[in-house]
Amino acid sequence: MPALNWLIQTTPAPDRQNLAVAWSPELSLFAAVSGDGSGEQIMTSPDGLVWTKRTTPTVSGLTNVYNSIAWSPALGLFVASRGSSSLTSPTCIMTSSDGISWTLRSLSHQSSHISHQLVWAPALGKFVLLGKQSGSLTYHDQSTDGIIWTDTTIANDGFREWLGMAWAPSLSLFAAVCTEGTGNKALTSPNGTTWTPRATPATDRAWQAIAWSPELTLFAAVANNGTGQRVMTSPDGLNWTLRTSPTDRAWTAIEWGPPPVSRFVAVASSGHVMESADGVTWIDGTVPASLNDWRHVAWSTSLGRFVAVARSGSANRVMVSDPAMFEGGPRAILGPRWRARRRGRMQPKVFGRLGLTISTRMPRVRVTAAQDTISVEAFAQTSILIKVTDETTRSR
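Calculation criteria
Residues numbered from 1 in each chain as written. Predicted model: local features only at pLDDT ≥ 70, side-chain atom pairs only at ≥ 80, totals over all residues. Heavy atoms only, no water. Helix = DSSP H or I, 4+ residues; strand = E, 2+ residues; numbered from the N terminus. Buried < 20%, exposed > 50% of the residue type's maximum accessible area, 1.4 Å probe, protein only. Contact = heavy atoms within 4.5 Å. Areas by Shrake-Rupley, 256 points an atom, 1.4 Å probe, with all protein chains shown as cover. Salt bridge = Lys/Arg side-chain N within 4 Å of Asp/Glu carboxyl O. pLDDT = per-residue confidence, 0-100. Pairing = 2+ DSSP bridges. Lys, Arg positive; Asp, Glu negative; His and termini not counted. Core = buried A, V, L, I, M, F, W, Y, C linked by side-chain atoms within 4.5 Å.

> Sorry, what's going on with the overall build of the protein here?
From N to C terminus, the protein includes zero helices and 33 strands. The buried share of the protein, reckoned over its 396 residues, is 54%. Intrachain contacts of the protein at a sequence separation of at least 6 include 46% that bridge at least 24 residues. Entry remark: accessible area of the protein is about 15700 Å², with carbon and sulfur atoms responsible for 50%.

Written out as structure tokens, the structure is:
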């Protein structure tokens, strides 16, 4: 499996500590939240390449550290959660139907707490928010509309930090992982209400994030500490196995990309990436020279790319994956200055960073790449060669 190529993207000033990003297929929009600043803690992008700051409401006297965001297709709604609230101001949710205009919402419990991970479960028709609360209690909040929230205490678990949570549709199961404590560093729940601790290997690991692969029917979680084995996997959320990671990095987030990419991607605060096609064997990714503190990564099927956001960097706090030229894959990023000339009877299909388009009239097309040459072959009749030079030309 060849590693993906990644390209750094320009982000608007001033630089924000971007902590999470989500994709809305219905809006064709990425939305990212930040952990600092006031009044502009959302930025959006239709493609992961060009980003725009959005005005957000503020809460007086509270640090506006938004650290999680999720999209609900059924509700047509983004929900973002702030890292903390207080007894006097439980407001730590904001919602938006378009990613542009945002409205503050309040949680139900009146106590100091810290929110960590927000997930939408389509089959259950609700958001679940996991976090911790003063008094060594773990809590979760739920909402069927993103506006009205109810909360439940899970257990007295030693004030653990449950940083990662994922929903597995085929299992009808949530799985969560935590950074603190010894043993039982996973939780599972079929409904977001009743949670069961699960035994995990390597009790010293600080698990940061978890993702589910429908194609592999596999959970994969990543940690920011340990020697040689900073990944664990589970087919059911109950039984976990340590996996060897290629390098000991402080892994912060993980995401699954379906075919044609077909791989897990994990990002690290040290600026690194690792990838795996099966969750078992991992390779180092090819990353730009900029060693930003990457905090989160999201996948867009329609764009065919991953987008990662960073907490550090100078006007460069986003990077996107080059979908390369997977067979049958729809896109490749060629760079900011390539142009195309259409010749013959070619019809457009999106292909490239700035909307470069190529295709034939044939319904079946094979795409391959070697160095600076991209070959597109229609199986029955036509062969097209695209030579990448100062400007892209085509011959058939």
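We are not done yet, so read on.
> What exactly am I supposed to notice about the pattern of salt bridges here?
Tallying each qualifying case throughout the model produces seven salt bridges. For D15, the salt bridge goes to R317, with nearest N and O atoms at 3.9 Å. Of this pair, D15 sits in the loop between β1 (5–9) and β2 (18–24) while R317 sits in the loop between β28 (305–310) and β29 (318–322), and the two are 302 residues apart along the sequence. Note that D293 and R311 form a salt bridge whose closest N and O atoms lie 3.1 Å from each other. Here D293 is found in the loop between β26 (283–284) and β27 (294–300), whereas its partner R311 is found in the loop between β28 and β29, with 18 residues between them in sequence. The exposure class assigned to D293 is buried, which follows from its relative accessible area of 10%. According to the relative accessible area criterion, R311 is partly exposed, its value standing at 34%. Because the salt bridges share partners, they merge into one network encompassing D293, R295 and R311.

> Is there a simple way to think about the confidence of the model for the protein in this case?
Note that predicted coordinates carrying low pLDDT should not be read in detail. Looking at the protein as a whole, the pLDDT averages 79, with 73% of positions reaching at least 70. Contacts for the low-pLDDT stretch residues 325–396, under 50 throughout, to residues beyond four places or in other chains number 145 contacts.

> Can you walk me through the sheet that holds strand β23 (residues 251–257) in this structure?
Two strands in a sheet stick together by hydrogen bonds in their backbones, pointing the same way (parallel) or opposite ways (antiparallel). Read from one edge to the other, the open sheet built from four strands follows the order β23-β24-β25-β26, with strand pairing classed as antiparallel. Lying at the two open borders of the sheet, with one neighbouring strand each, are β23 and β26.

> Would you mind showing me how to read the side chain of S245 here?
Summarising the element assignment, S245 is placed in the loop between β22 (241–243) and β23. Filtering out sequence-adjacent residues up to four positions away, S245 remains in contact with G228, Q229, R230, V231 and M274.

> Would you take a moment to explain the side chain of K126 for this structure?
Examined against the element boundaries, K126 turns out to sit in strand β12 (residues 126–133). Buried charged residue K126 carries no salt bridge. Nearest counter-charge: D141, at 12 Å. Residues in contact with K126, not counting those within four places in the same chain, are V119, W120, A121, Q142, S143, T144, N191 and T193.

> Could you clarify how one ought to interpret the nonpolar core in this entry?
For soluble globular proteins, the rule of thumb is that nonpolar side chains tend to be buried together. Formed by 15 residues in total, the largest nonpolar core has its most connected members in V177, W207, I210, F219, A221, M232 and W240. Contributing elements (two or more residues each) for this core: β15 (162–168), β16 (173–178), β19 (207–213) and β20 (218–223).

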